[in-house]
Amino acid sequence: MLRHDTVFTEKHNHQTCIDEALARAKALCKAKQLRFTPIRELVLRLIWQSHKPLGAYDLLPALAEAGFNSAPPTVYRALEFLQEQGLVHRLASLNAFIGCSQPDAEHTGYFFICRECHQTLEVKSDPVHSALNRQAHNMGFSIDQETVEVLGTCPSCKRNSDPHA
């Protein structure tokens, strides 16, 4: 699993995230005998440029600048591929995409999203997963997909807004 628990701290080395994400994507595609095309790689690289979710239309100018077809269907096809392979998650509340920190492991998505700076952290939460499954079982409900998005304020934004911090 990629380590992103330092996203909300100054100790975070973001280039490591990008390098690890691309290396994992290439290895995953090679193992599945899938093409990791230049446009798919660029879209994934752009998504990993920060830990801020990006919408499809946010990606279009960079695609055009890199010489790719910047029509919306082009970016949507790349995002669909990346999502199908578990390389990105779609955050419904923001209609945006974020890189997946665990692309080679089936898992549920739990995200802390800062409402101020939009930094987003994917976390693992077995207790939440267990509680949701227990509740679903008690109701006779079958969970197909589980994504939890928690909006709040990150430590940096809290410090910046609190004059006494």
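Residues numbered from 1 in each chain as written. Predicted model: local features only at pLDDT ≥ 70, side-chain atom pairs only at ≥ 80, totals over all residues. Heavy atoms only, no water.

Novice: Would you mind going over the state of the cysteines with me for this structure?
Specialist: As used in these notes, a disulfide is a covalent bond between sulfur atoms, one from each of two cysteines. Counted under the stated rule, the structure contains zero disulfides. Between Cys 100, a free cysteine, and Cys 17, which holds the nearest cysteine sulfur, the sulfur-to-sulfur gap is 12 Å. Its sulfur unpaired, Cys 154 is 3.7 Å from the next cysteine sulfur, which belongs to Cys 157. Looking at Cys 154, the relative accessible area reads 4%, which means it is buried. (Disulfide = S-S within 2.5 Å. Buried < 20%, exposed > 50% of the residue type's maximum accessible area, 1.4 Å probe, protein only.)

Novice: Please explain the sheet that holds strand E5 (residues 147–152) as it appears in this structure.
Specialist: To summarise the sheet geometry, strands pair through backbone hydrogen bonds and adopt either a parallel or an antiparallel arrangement. Taken together, the three strands give an open sheet; going across it, the order is E4-E3-E5, and neighbouring strands pair in mixed fashion. Looking along the sheet, the strands with just one partner apiece sit at the ends: strand E4 (120–123) and E5. The sheet shows a mean angle of 20 degrees between the axes of neighbouring strands, taken without regard to direction. In this structure, strand E3 (residues 109–114) lies alongside E4, joined through four bridges in antiparallel fashion. Of the residues in E4, the one forming a bridge with Phe 111 is Glu 122. (Pairing = 2+ DSSP bridges. Helix = DSSP H or I, 4+ residues; strand = E, 2+ residues; numbered from the N terminus. Axes fitted to C-alpha atoms, helices over the stretch in contact; angles between N-to-C directions.)

Novice: Can you help me understand the nonpolar core in this one?
Specialist: For soluble globular proteins, nonpolar side chains are generally found buried alongside one another. Core analysis: the biggest nonpolar cluster contains 27 residues, and Val 43, Leu 44, Leu 59, Leu 63, Val 75, Leu 79 and Leu 82 have the highest contact counts within it. At the level of secondary structure, the elements contributing two or more residues to this core comprise helix H1 (14–31), helix H2 (38–47), helix H3 (56–65) and helix H4 (72–84). Setting aside residues up to four positions removed in sequence, Val 75 forms contacts with Val 43, Ala 56, Leu 59, Leu 60 and Leu 63. (Core = buried A, V, L, I, M, F, W, Y, C linked by side-chain atoms within 4.5 Å. Contact = heavy atoms within 4.5 Å.)

Novice: Would you take a moment to explain the environment of Ile 18 for this structure?
Specialist: Among the secondary structure elements, Ile 18 is positioned in helix H1. Apart from residues lying up to four places away in sequence, Ile 18 is in contact with Arg 45, Trp 48 and Gln 49.

Novice: What's the story with H4 in this structure? I'm lost.
Specialist: Residues that lie three or four places apart on an α-helix share one face, since the helix turns once every 3.6 residues. With 13 residues, H4 should cover 18 Å at 1.5 Å per step; its first-to-last C-alpha distance of 18 Å lies within 8% of that length. Within H4, burial applies to Thr 74, Val 75, Ala 78, Leu 79, Phe 81 and Leu 82. The arc that holds the buried residues of H4, viewed along the axis, is 160 degrees, so those residues lie on one side. Opposite the buried face of H4, by more than 90 degrees, sit the exposed residues Arg 77 and Glu 84. (Expected span 1.5 Å × (residues − 1). Arc of directions from axis to C-beta.)

Novice: What's the story with H1 in this structure? I'm lost.
Specialist: In this model, H1 (18 residues) spans 26 Å end to end at C-alpha, consistent with the 26 Å of a helix rising 1.5 Å per residue. By the burial criterion, the buried members of H1 are His 14, Cys 17, Ile 18, Ala 21, Leu 22, Ala 25, Leu 28 and Cys 29. Each buried residue of H1 lies within a common arc of 130 degrees when the element is viewed along its axis, so the set occupies one face. Residues of H1 that are exposed and angled more than 90 degrees away from the buried face: Lys 30 and Ala 31.

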